[in-house]
Amino acid sequence: AKYTIVDQDTCIACSACGIAAPDLFDYNDEGISFACLDDNQGMTPVPEDMEDDLEDAYESCPSNSIKMADEPFTCKKEAAS
Ligand code: SF4
């Protein structure tokens, strides 16, 4: 399975990820993205039928803020490093 999380420290609020993967990414009041599966915890497996969208979002993010892994992110700090 794939897991995803947004590094909100580097996100530039460009909205590209939500266009590529509207079911996976949403934005807070400042336009900063978060993974909406589990409120940006990176612990919920991405449904298999959304993995292509995830790849698209990952590739379309201009600041490399979309993090993707084969294992759950255990904490946000880990995702940021
Ligand atoms: Fe932020 Fe990247 Fe999404 Fe743009 S594509 S809103 S920089 S996470």
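Residues numbered from 1 in each chain as written. Predicted model: local features only at pLDDT ≥ 70, side-chain atom pairs only at ≥ 80, totals over all residues. Heavy atoms only, no water.

Novice: Explain the environment of Glu51 to me, please; I cannot follow it from the model alone.
Specialist: Structurally, Glu51 can be placed in helix α2 (residues 51-60). Glu51 gets classed as partly exposed once you look at its relative accessible area, which sits at 22%. In this structure, Glu51 is in contact with Ala1, Lys2 and Val46, ignoring residues within four places of it in sequence. (Helix = DSSP H or I, 4+ residues; strand = E, 2+ residues; numbered from the N terminus. Buried < 20%, exposed > 50% of the residue type's maximum accessible area, 1.4 Å probe, protein only. Contact = heavy atoms within 4.5 Å.)

Novice: Honestly, the environment of Phe73 in this entry has me stumped. Any pointers?
Specialist: Within the secondary structure, Phe73 sits in the loop between β4 (66-69) and α3 (76-80). Assessed through its relative accessible area of 9%, Phe73 is described here as buried. Along the sequence, Phe73 and Thr44 sit 29 residues apart, while their C-alpha atoms lie 9.1 Å from each other.

Novice: Please clarify how the side chain of Ser33 should be interpreted in this entry.
Specialist: Note that Ser33 resides in strand β3 (residues 33-35). The class of Ser33 is buried, set by a relative accessible area of 2%. Non-local contacts of Ser33, meaning those with residues more than four positions away in its chain, are made with Val6, Gln8, Cys11, Cys17, Phe25, Asp26 and Tyr27.

Novice: Please explain the confidence of the model for the chain as it appears in this structure.
Specialist: Low pLDDT marks regions whose predicted coordinates should not be analysed in detail. When pLDDT is averaged along the chain, the result is 93; 91% of the residues meet or exceed 70. Interface confidence for the predicted complex, given as ipTM, is 0.99, next to a pTM of 0.90. (pLDDT = per-residue confidence, 0-100.)

Novice: How do you make sense of the pattern of salt bridges when you look at a structure like this?
Specialist: Close approach of charged atoms lets side chains of opposite charge pair. Using the criterion set out here, one finds one salt bridge in the structure. Measuring nitrogen to oxygen at the nearest pair gives 3.0 Å for the salt bridge that ties Asp70 to Lys2. Remark: Lys2 occurs in the segment before β1 (3-6) and Asp70 occurs in the loop between β4 and α3; sequence separation between them is 68 residues. For Asp70, a relative accessible area of 55% puts it in the exposed group. Of the residues examined, Lys2 reaches a relative accessible area of 22% and is grouped as partly exposed. (Salt bridge = Lys/Arg side-chain N within 4 Å of Asp/Glu carboxyl O.)

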